[in-house]
Protein chains: 4
Amino acid sequence: MVIIMKTGASPEEIAEVTHSIEREGFTPFENPGVERKVIAVLGVIHSHKLQLVDKFQNLPGVERVALISEPYKLPSRQCHPQDTVFEVGGVPVGGKTLAIFAGPCSIESEAQAIETARAVKAAGANFFRGGAYKPRSSPYAFQGLGEEGLKILAACREETGLPVITEVVDPDDVEKVCQYADFLQIGARNMQNYRLLQRVGQARTPVLLKRGFGTRLREMLMAAEYIMVEGNHRVALCERGIITFEDSTRYTTDINAVPVLKHLSHLPVILDPSHATGFSRYVGAVAKAGVAAGADGLLLEVHPNPAEALSDGPQSLKPEAFASLMRELARVASAVDRALPEQGA
Amino acid sequence: MVIIMKTGASPEEIAEVTHSIEREGFTPFENPGVERKVIAVLGVIHSHKLQLVDKFQNLPGVERVALISEPYKLPSRQCHPQDTVFEVGGVPVGGKTLAIFAGPCSIESEAQAIETARAVKAAGANFFRGGAYKPRSSPYAFQGLGEEGLKILAACREETGLPVITEVVDPDDVEKVCQYADFLQIGARNMQNYRLLQRVGQARTPVLLKRGFGTRLREMLMAAEYIMVEGNHRVALCERGIITFEDSTRYTTDINAVPVLKHLSHLPVILDPSHATGFSRYVGAVAKAGVAAGADGLLLEVHPNPAEALSDGPQSLKPEAFASLMRELARVASAVDRALPEQGA
Amino acid sequence: MVIIMKTGASPEEIAEVTHSIEREGFTPFENPGVERKVIAVLGVIHSHKLQLVDKFQNLPGVERVALISEPYKLPSRQCHPQDTVFEVGGVPVGGKTLAIFAGPCSIESEAQAIETARAVKAAGANFFRGGAYKPRSSPYAFQGLGEEGLKILAACREETGLPVITEVVDPDDVEKVCQYADFLQIGARNMQNYRLLQRVGQARTPVLLKRGFGTRLREMLMAAEYIMVEGNHRVALCERGIITFEDSTRYTTDINAVPVLKHLSHLPVILDPSHATGFSRYVGAVAKAGVAAGADGLLLEVHPNPAEALSDGPQSLKPEAFASLMRELARVASAVDRALPEQGA
Amino acid sequence: MVIIMKTGASPEEIAEVTHSIEREGFTPFENPGVERKVIAVLGVIHSHKLQLVDKFQNLPGVERVALISEPYKLPSRQCHPQDTVFEVGGVPVGGKTLAIFAGPCSIESEAQAIETARAVKAAGANFFRGGAYKPRSSPYAFQGLGEEGLKILAACREETGLPVITEVVDPDDVEKVCQYADFLQIGARNMQNYRLLQRVGQARTPVLLKRGFGTRLREMLMAAEYIMVEGNHRVALCERGIITFEDSTRYTTDINAVPVLKHLSHLPVILDPSHATGFSRYVGAVAKAGVAAGADGLLLEVHPNPAEALSDGPQSLKPEAFASLMRELARVASAVDRALPEQGA
């Protein structure tokens, strides 16, 4: 059960609700969000549920009580029936217009980054993506430019006006990354790095949470709960492929995840067909599938010269291929009453 | 390596090619196809490949020699670069117009079947599907009406003009099923039932081959080879979901399979979002994804009263929901330069 | 619910029980077993269960009524609490002494088969295994010697006294294979080939049922039900590896399956470490693991010259390696109060 | 390629080797280990390999040059052919005597911990395990006692003499945890948390690295490389179950992993049957399987009152059950020429 307080509920009203929860033998869990308090009622709730709903509903300052059968509360559509739409650097995520995050896997140099940022903006992307801290499976592989990469990202935003998204891998880096980035990315390998989730939950920068490649959707929603319970409610969920026995692609795109997540949760759902396929020749088909299935956006790897990319070259699109795909995506988006961002706007 | 003979190559020309293969130390494998002979060259082919290509290319009656690196030959796009399009009961499969196979999981009665057939035809389906022999995981579950069901299927075709597709589960039934059905379906559980594959390969009725839920795409193409090598080249490949750790849906739709199969093979690719999701509320999103990704058709379960269906009720669409989905699919199809069949045509 | 009749219950008593079931609104399902009738009560059984148990219990000819919560009935330990032990060619399967099925993947020639049969007998195997009908993923691969192979198997039994086991892949072959073999094997690819299951269920030759590599244990028990409901209760369950994302071995041995199957079912459980690993260097460790975990036997591929085997060479043990492994297995078996067959007995 | 320097090689000798590597066009990667320098030669090494081996072999201070075909170097058996055995708090890990890590999932109180520690010691465990920092999938679940838990662990060691192992989840906690614990555990969810791996690599406390439930063995060895390359070579690898489609157990124990890891790596291999099965009734069988397969130790959850455990109750053994299992394990260990620790020693 979750109790949603009215905007501007007083501390006394909140205290009365938490005491009331305790008097009934449950544990109140108050999220530290400043705008709208949501108080979770923890404990096994038996058949006297309905009476309690009435009781809590009538306390002063309470807007609404939601019964939630799932282990996750705040990301649940039961808790928040409407689709969540939030703005990042002036760009809405979750609404009619799709969020297109495009750019290289890794920021390799200022020249490479600016060239790519200009190209993806011209083709209609509304976010520039690029990795400064790279979690690589080999310690000998390129690990990213670190803070230098963050500065280049900021320069790309300066140059193009596109808000930027980048991955954060260490709780200690969250503050620094927030100084440069408009959107934080939690990578698949860190989806259950709870300390990192808590830290980005305490930040006020929105978070794109990628699904772990070996985790169920339910567990992904629990990971979103970890962020939201700290007060950061601007979370987008990203399907990026799961690990299965099929080996003709790098991962298996779980396209079912798009309607399932939209059904279970009110949060925006993004698809990453670059990682989910691993081969640039399959990216376009799966990107179109994602839009048709109802995704609120796409994460696409674009590199001016994939053959020489320091990471993920085989799955990166050239700028021309990206521009051409964007034209195709615009048609599919329109067929499902969505739209791509205005080109080069 | 595969040697494709000219249409109308003489028995002498064919014999000369097979002798020539043997003289080089390889084993010729001649498919019994009547229209166009294709002779596979079996054995390890080393560096002197290119010379052999030239040699075989110049033999009388040879149209073309294809080097094929994959273990499957006849379904390979290397062997047949153009998309295969074939007609079933006057309806093309694999071309611009999508093949929409709709109907109930099981034929339960003539009334149920005819009602559904009329409804799916009115909504634009160009094939009627229905099971007469059902492979059920429990021996106590409804096993289908058998030949009675086949007769009802034929009556549905009579009534609506739609060609009909139904599953065959026993090699001994193939001949009987071919008397009633226009299209044979091999179910997921029988994808590696090689005796059954050989028997449908010997038939002249086209075959829809469903992917085993625990098999790789490469193995599916090997299964297609089993059918084609017997001379039946009218095979369509059907992705119907694979088994993974994700449990919020019945199976995981491997949407990557659509572009991968189109890349590796020339055969038409069909998607079955009903089995691949297991819940009617997700069928529409995944159907649209399939069309956007380039599938050549869809297999959709439609039942006039899903709550009382004898099998697969939870994943069946009501006729109204199917009709509504068809309107949405028409828009997505058009966005990728494809089209749905003309409605009620 | 399952009603177990007394041995020798009269047709009238059986008829009374089935009528009684129908009068309560359920469907009786009578297995055609000759020795001991078991009548399944199909339908949703609600809270008045306990009364029905009493009622049915008191009917003449009834030995015992078992409430079974699982969808499978006859293989369930709820239905038959003791471990099942049955004899095949004089050798017990399921008791203290392990059943060791050893031999080549395919019967390639009489010389190869006899040599291997003598070697495995000398090392202590109590069953000789060998494939005459091979389900191969490529139609160009060696498909087995067919009836010729069955005759060689019979010659091996003649020579060594070991009962023989071989795979059957086509319902039409069941009768013929039963003429030669002591034990029928259903391969992983046919675990849900229900026609084949029914046909071997109608035979009186015991059946080793291999788990499909993409199927859950519950589904395997349902497959066993298909066989048992036809009256053949001598079924052994064989774990042979499942398909997962791990690619350093051919399949992943689901060692958990051993205690889970022993917990859920009374049938003997056999492990096949040859297929489950795919590499001879890992077979020994996994074979020992299987015995330690409580398996009732092992299926082991042995070939006099693995490098030249027509199938599955990389996972076959040489006779010397098999003999050496048997000595190690004897120690592990003894540590868990089991025993290997007496050597060369 | 990896160049192993002699113990006590001079800085000048090391510098000469790195220069020599650079002169050949490769990048040297020097691990900061103090006792024995190992210099990895990074870059694509073509056919002139053998000459280089000779060249590097003859440089002063070089003990040996190892050609390593795998992407991981330091955990590879190619780099270090003998089994690694290291001591932790006087107890050897990796040798003939098995390492038995037993204790509760979470430290809940001093009384619970001390009671369990005494019991597992009396039954023959040589390590006490207990979680102070718990990565839980729900933010509302018990998160562990934190530093208070570490102090209780130290008290348990004081009381019993058993060295203690506990999980570390945050890079910032590594130093603190090292003050209390003898052995650090990296949990499955953090197997690819590279910052954490680097930080424990910089510590001098040995590390038990658990396999991610969705990661391949190759990736686990790469994670070990991340730790070892920082200079901490005392790493044990722990299989704890992978995520598959089978749902009768919590995870699927990949028993193949035991011989595969022993084949590919020289590091000790530990099995965790508690997490890998998720049900206490299956733990014993799988524990015995692990020992029979060649594991160097076991991680076992023991709780005085599983029904009231704050985490992982269903998979925890009661102390009596643990003691009884230890007696059975001793017999299996002896059957494979291994031994359990002396009881209560």
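Note that the structure is a prediction, hence the values are computed from the model and not measured.

With that out of the way, let us pick up the overall build of chain A. When helices and strands are counted, chain A shows 11 helices and 14 strands. Expected size for 345 residues packed as a compact globule is a radius of gyration near 20 Å; at 21 Å, chain A falls within 12% of this value. Overall, chain A is about 65 × 40 × 40 Å in size when its C-alpha atoms are taken along their principal axes. Counting only residues that meet the buried cut, chain A has 66% of its 345 residues in that class. Of the contacts formed within chain A by residues at least 6 apart in sequence, a portion of 68% connects residues at least 24 apart. When the 36 basic and 41 acidic side-chain charges of chain A are each reduced to a single mean position, those positions are 3 Å apart.

Time to look at the sheet that holds strand 8 (residues 127-129) of chain D. Residues and elements named next belong to chain D. Read once around its circumference, the closed barrel built from 8 strands follows the order 7-8-9-10-11-12-13-14, with strand pairing classed as parallel. Direction aside, the axes of adjacent strands within the sheet are offset by 25° on average. Contacts from helix 3 (residues 110-123) reach strand 7 (99-103) and strand 8, with the element oriented near 150° to strand 8.

Turning our attention to the interface of chain C and chain D. On the chain D side, the residues contacting the 40 residues of chain C number 40 residues. For chain C, the biggest contributors to the area lost against chain D are C:F245, C:N256 and C:R331; these three give 20% of the whole. The tally of links between chain C and chain D comes to 8 salt bridges. For C:D247, the salt bridge identified is with D:R216, shortest N-O distance 3.7 Å. Taken together, the connections running from chain C to chain D amount to 22 residue pairs in polar contact (both at pLDDT 80 or more). Counting only elements with at least two residues in the side of chain C that touches chain D, the list comes to helix 7 (217-228), helix 8 (257-264), helix 9 (273-277), helix 10 (280-293) and helix 11 (319-335) of chain C. At 8 residues, the largest contribution of residues to the side of chain C that touches chain D is made by helix 10 of chain C. Among the residues forming the side of chain C that touches chain D, the class breakdown is 19 nonpolar, 11 polar and 10 charged.

With that out of the way, let us pick up the sheet that holds strand 8 (residues 127-129) of chain A. Residue and element names in this part refer to chain A. One closed barrel holds the 8 strands; their spatial order is 7-8-9-10-11-12-13-14, and the pairing between them is parallel. Strand-to-strand, the axes of this sheet are offset by a mean angle of 25°, without reference to chain direction. With 2 bridges connecting them, strand 13 (residues 269-271) and strand 14 (residues 297-301) associate as parallel partners. Residue pairing for strand 14: L271 is matched across the bridge by L298. On top of the sheet, helix 6 (residues 194-202) reaches strand 10 (183-186) and strand 11 (207-210); it is set at about 170° to strand 10, its chief contact. Strands in contact with helix 7 (residues 217-228) are strand 11 and strand 12 (235-239); relative to strand 12, the strand with the most contacts, it is inclined by about 155°.

Bringing the side chain of C:K73 into the picture now. Position of C:K73 among the secondary structure elements: in the loop between strand 4 (62-66) and strand 5 (86-88). Of the side chains bearing the opposite charge, C:E225 lies closest to the buried C:K73, which forms no salt bridge; the N-O distance is 7.1 Å. In this structure the side chain of C:K73 is engaged in a polar contact, spanning 3.0 Å, whose partner is the backbone oxygen of C:E70. When sequence neighbours within four positions are dropped, the list of residues in contact with C:K73 reads B:Y140, C:M1, C:V2, C:I68, C:C79 and C:E225.

Looking now at the interface of chain B and chain A. Tallying the contact residues gives 40 residues for chain B and 40 residues for chain A. For the pair chain B and chain A, the summed buried area comes to about 3,200 Å², and 60% of that belongs to carbon and sulfur atoms. Counting across the chain B and chain A interface gives 8 salt bridges. Of all the elements in the fold, those that place two or more residues in the side of chain B that touches chain A are helix 7 (217-228), helix 8 (257-264), helix 9 (273-277), helix 10 (280-293) and helix 11 (319-335) of chain B.

This part is about the environment of B:E63. All names here are of chain B. Its location among the elements puts E63 in strand 4 (residues 62-66). Judged by relative accessible area, which is 40%, E63 ranks as partly exposed. Sequence separation between E63 and I3 is 60 residues; the distance between their C-alpha atoms is 7.8 Å.

We now examine the environment of C:E159. All names here are of chain C. For E159, the location among the structural elements is in helix 4 (residues 147-160). The class for E159 is partly exposed, based on a relative accessible area of 41%. Between the C-alpha atoms of E159 and I114, which are 45 residues apart in sequence, the distance is 7.6 Å. Among residues more than four places away in sequence, those in contact with E159 are I114 and R118.

With an RMSD of 0.1 Å, the fit of chain C onto chain D corresponds to turning through 180° and sliding 0.0 Å along the axis. With respect to symmetry, the two chain copies, as superposed, fit the operation of a two-fold axis. In terms of proximity to the rotation axis, the leading residue of chain C is C:A289, whose C-alpha is 1.9 Å off the axis.

All names here are of chain C. By the element assignment, E13 lies in helix 1 (residues 11-23). In this structure E13 comes out as partly exposed when scored by relative accessible area, which is 24%. For the pair E13 and R327, spaced 314 residues apart in the sequence, the C-alpha separation amounts to 53 Å. In this view, E13 contacts M5, P60 and G61; residues no more than four positions away in its chain are not counted.

On to the nonpolar core. A:F128, A:L209, A:F322, B:F128, B:L209 and B:F322 are the most contacted members of the largest nonpolar core, which totals 182 residues. For B:F322, the residues in contact, after removing those within four places along its chain, are B:I100, B:A102, B:V120, B:A123, B:A125, B:L300, B:V302 and B:L317. Core analysis: the second largest hydrophobic core is formed by 180 residues, C:A102, C:L184, C:A203 and D:A113 among them.

Criteria and thresholds
- Residues numbered from 1 in each chain as written.
- Chains lettered and ligands numbered in written order.
- Predicted model: local features only at pLDDT ≥ 70, side-chain atom pairs only at ≥ 80, totals over all residues.
- Heavy atoms only, no water.
- Helix = DSSP H or I, 4+ residues; strand = E, 2+ residues; numbered from the N terminus.
- Rg over C-alpha atoms; globule rule 2.2 N^0.38 Å.
- Buried < 20%, exposed > 50% of the residue type's maximum accessible area, 1.4 Å probe, protein only.
- Contact = heavy atoms within 4.5 Å.
- Lys, Arg positive; Asp, Glu negative; His and termini not counted.
- Charge placed at Lys NZ, Arg CZ, Asp CG, Glu CD.
- Pairing = 2+ DSSP bridges.
- Axes fitted to C-alpha atoms, helices over the stretch in contact; angles between N-to-C directions.
- Buried area = accessible area lost by both parts, 1.4 Å probe.
- Salt bridge = Lys/Arg side-chain N within 4 Å of Asp/Glu carboxyl O.
- Polar contact = N/O pair within 3.5 Å; in protein donor to acceptor, adjacent residues only side chain to side chain.
- Nonpolar A, V, L, I, M, F, W, Y, C, P; charged D, E, K, R; others polar.
- Least-squares fit on C-alpha atoms with pLDDT ≥ 70 in both.
- Core = buried A, V, L, I, M, F, W, Y, C linked by side-chain atoms within 4.5 Å.

So, to be careful, I would describe these as geometric facts and stop short of saying anything about function.
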